[in-house]
Each structure stands twice: as structure tokens, then as C-alpha cells.
Amino acid sequence: MGFAVSDEVLGTFAPIVIYWVYSGIYALLDSFENYRLHSKIDEDEKNLVSKRTVVKGVLLQQTIQAVVAILLFTVTGNDSGDAAGPKPSLIVLARQFVTAMLVLDTWQYFMHRYMHHNKFLYKHIHSQHHRLVVPYAFGALYNHPLEGLLLDTIGGALSFLLSGMSPRASIFFFSFATVKTVDDHCGLWLPGNLFHFFFRNNTAYHDVHHQLYGSKYNFSQPFFVMWDRILGTYMPYSLDKRAGGGFETRPLKDYKDA
Ligand SMILES: [Zn+2]
Ligand SMILES: [Zn+2]
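Residues numbered from 1 in each chain as written. Chains lettered and ligands numbered in written order. Predicted model: local features only at pLDDT ≥ 70, side-chain atom pairs only at ≥ 80, totals over all residues.

### Comments concerning the packing of helix α4 (residues 90-117) against helix α6 (residues 145-163)
Next, step 1: Two numbers describe how α4 lies on α6: the axes approach to 8 Å, and their chain directions differ by 145°. For the pair α4 and α6, the crossing hand works out as right-handed. Judged by residue contacts, Gln96, Thr99, Ala100, Val103, Leu104, Trp107, Gln108, Met111 and His112 of α4 engage Leu150, Leu151, Gly155, Gly156, Leu158, Ser159, Phe160, Leu162 and Ser163 from α6.
Next, step 2: Split by residue class, the contact of α4 with α6 holds 10 nonpolar, eight polar and no charged. (Axes fitted to C-alpha atoms, helices over the stretch in contact; angles between N-to-C directions. Helix = DSSP H or I, 4+ residues; strand = E, 2+ residues; numbered from the N terminus. Left-handed = near helix turned anticlockwise from the far one by under 90°. Contact = placed C-beta atoms within 7 Å. Nonpolar A, V, L, I, M, F, W, Y, C, P; charged D, E, K, R; others polar.)

If you want it as C-alpha cells, here you go:
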């Protein structure tokens, strides 16, 4: 028999490879000043952490997550084998995908908001992610390891279990969620970006959250703006031309500061 990689292993490692490939492409486009949401100068001045530290932080994060994911897959595995059972129909797959998206969004919204509400958790855990005031693609998963575990790994496990998707489907779901998260941090407003077209929760929306004026708003991630809308943490913003090229997000003029 040939070399076979189980779906569980792929579901764990494909998102990691895709993370670096996708954010690597964005790193190449980094100097497109006309599409950036912040200037390069701002990136260097406002960010509180070096790129080297960010890379190390993300790698540590991904290592821990991979170990936990393999453990979770092992514990929850049904031993059905890859080819066993009928293939789910497209409708079933779509339903599982949407369910997983809603579960992940719900989990992440409340955990994320609580991390801002609780001063101890913010100071010791979530503030690490906010060291990137000017987000860039490979900083997307720059988090405290405990945050990665709580928000991403447990959130991912819940969405996997509650949606009932197979390990094979989860390869695509987790890869998609990874690409979406990287895109939300890319810091570029490129024409033709389909995420910007299909999702209100996108690069500009999450950029608002990384700014001082928006840090108590736009907690929703990574897919929809639903919970911000329902619970009143949605900050309306505009995307304007920035002096010196590119774009910038701004709170709408009549918006009262909280
Ligand atoms: Zn935050
Ligand atoms: Zn972020």
C-alpha cells in the first residue's frame, strides 16, 4: 500500500501549512502602499512587538494546537475509517459547514469579549494579540498560547463535534477558517478580494477592533457580524482614502465615544 495520511493528521496540519503559504503571499504584497490600511511607518511605530517574535509566537501556538488537536481527534475518533459509510450529500455538507461557522463564531465572540471585559485576562493574555495595532497576515494567530487553546482549539473542537462533520470535511473547514482569519489581519484592502465581497466581517471590520477607538467593539470573529449586531457592540465605520495613499478605517462621524 502507498503512503497514507489520515484525515485527522491532514485536518491538523493542512491549516498550518496553508497559514504560512497564504500569509507568505500577503507578505510579498506588503509594500503595496496604495492598498494598505496603515502606512509602513505606522506599522513600525505602532506595533509593540517585532516580526521575529511574532513568528516564534505563532509557531509555538501552532505546535501546542497540533498536539491538542491530535489528542482530541484520538479521543473523539469513531474509527470509521476514511472510506467507510456513504458520502454525505452536498446539502448535508453545507449544513455542517454553516453550523460549524455559527458555533465557532458564537464561542469566539463570547470568549473574546470576556477577554476584554476581564482586566486580568486582558492584561495577561489577550493584550498579546493587541500588540499588533497594525495587523499583518502572519500575525493573525499571534496570541498567548492559552488564548489559542481557549478560542481556537476548543472553539474548533466544539464546531467539529456539534456540526457532526467528518474528519475529512474538517480539513476543509479548518483550512477555510484559517484563510479567513489570516485575511482579516492582512492589512490590505485589495480590489477583487472575495472575502470583502461576501463577508461584512472582513479586514476593515477587524482592523477597527485593533484600533484604540474600536477596541470595545467588533468582537465578532471570524465569519459573521451577527453577535456584535445583536448585542450592540457593532461599530459603524467608514473606509476612506488615507493621506499618502491607501485606505483607513474611521468611526462614523456621529458615533459617540463610549
Ligand atoms: Zn480583542
Ligand atoms: Zn485580531
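Moving on, there is more to tell.
### Looking at the pairing of strand β1 (residues 237-241)
Next, step 1: Looking at chain direction, β1 and strand β2 (residues 247-251) are connected through five bridges and run antiparallel. Bridge pairing in β2 places Leu239 opposite Thr249.
Next, step 2: What sits between β1 and β2 in their antiparallel hairpin is a turn of five residues, with Gly244 showing a positive phi close to 90°. (Pairing = 2+ DSSP bridges.)

### Examining the UniProt feature "transmembrane region" (unreviewed entry) in the protein
Next, step 1: As annotated by UniProt and renumbered to match this structure, "transmembrane region" (unreviewed entry) occupies residues 12-32, 53-73 and 93-110.
Next, step 2: With 81% helix and 0% strand, residues 12-32 has end C-alpha atoms that lie 32 Å from one another.
Next, step 3: Helix makes up 100% of residues 93-110 and strand 0%, and the two end C-alpha atoms of the span are 26 Å apart. (UniProt positions renumbered as here; feature names shortened; annotations may be inferred.)

### Structural notes on the packing of helix α1 (residues 7-28) against helix α3 (residues 51-76)
Next, step 1: Where α1 meets α3, the closest approach of the two axes is 9 Å, and the angle between their N-to-C directions is 160°. Taken as axis vectors, α1 and α3 run roughly antiparallel relative to one another. Here α1 runs over α3; the crossing is right-handed. Contacts between α1 and α3 involve Glu8, Thr12, Phe13 and Ile16 from the first element and Gln62, Ala66, Ala69, Ile70 and Phe73 from the second. (Parallel < 35°, antiparallel > 145°, perpendicular 65-115°, else oblique.)

### Remarks on α6
Side chains three or four residues apart in an α-helix point the same way, a direct result of the helix having 3.6 residues per turn.
Next, step 1: Here α6 spans 25 Å end to end across 19 residues, near enough to the 27 Å set by a 1.5 Å rise per residue.
Next, step 2: Listed in full, the buried residues belonging to α6 are Glu147, Gly148, Leu150, Leu151, Asp152, Thr153, Gly155, Gly156, Ser159, Phe160 and Ser163.
Next, step 3: Considering only its buried residues, α6 is in contact with α3, α4 and α7 (167-184).
Next, step 4: Once α6 ends, the next one or two residues include Gly164, with phi positive near 75°. (Expected span 1.5 Å × (residues − 1). Buried ≥ 20, exposed ≤ 12 C-beta atoms within 10 Å, placed from the backbone.)

### A closer look at the nonpolar core
Next, step 1: By size, the foremost hydrophobic cluster in this structure holds 19 residues, and its most contacted members are Ala137, Val182 and Cys186.
Next, step 2: At four residues, the largest contribution of residues to this core is made by α1.
Next, step 3: In this view, Val182 contacts Tyr19, Tyr22, Ser23, Ala137 and Ala140; residues no more than four positions away in its chain are not counted.
Next, step 4: By size, the runner-up hydrophobic cluster in this structure holds 10 residues, among which are Leu104, Met165, Ala169 and Phe174. (Core = buried A, V, L, I, M, F, W, Y, C linked by C-beta atoms within 7 Å.)

### Details of the environment of Met115
Next, step 1: Relative to the assigned elements, Met115 resides in helix α4.
Next, step 2: Considered as a pair, Met115 and Ala27 are 88 residues apart in the sequence and their alpha carbons are 29 Å apart.
Next, step 3: What Met115 contacts, discounting residues up to four positions off in sequence, is Leu121, Tyr122, Ile125 and His126.

### Describing the environment of Val208
Next, step 1: Structurally, the position occupied by Val208 is in helix α9 (residues 203-210).
Next, step 2: Assessed through the 21 C-beta atoms surrounding it within 10 Å, Val208 is described here as buried.
Next, step 3: Between the C-alpha atoms of Val208 and Asn47, which are 161 residues apart in sequence, the distance is 15 Å.
Next, step 4: Not counting residues up to four positions away in its chain, the partners in contact with Val208 are Gly214, Tyr217, Asn218, Met235, Tyr237 and Thr249.

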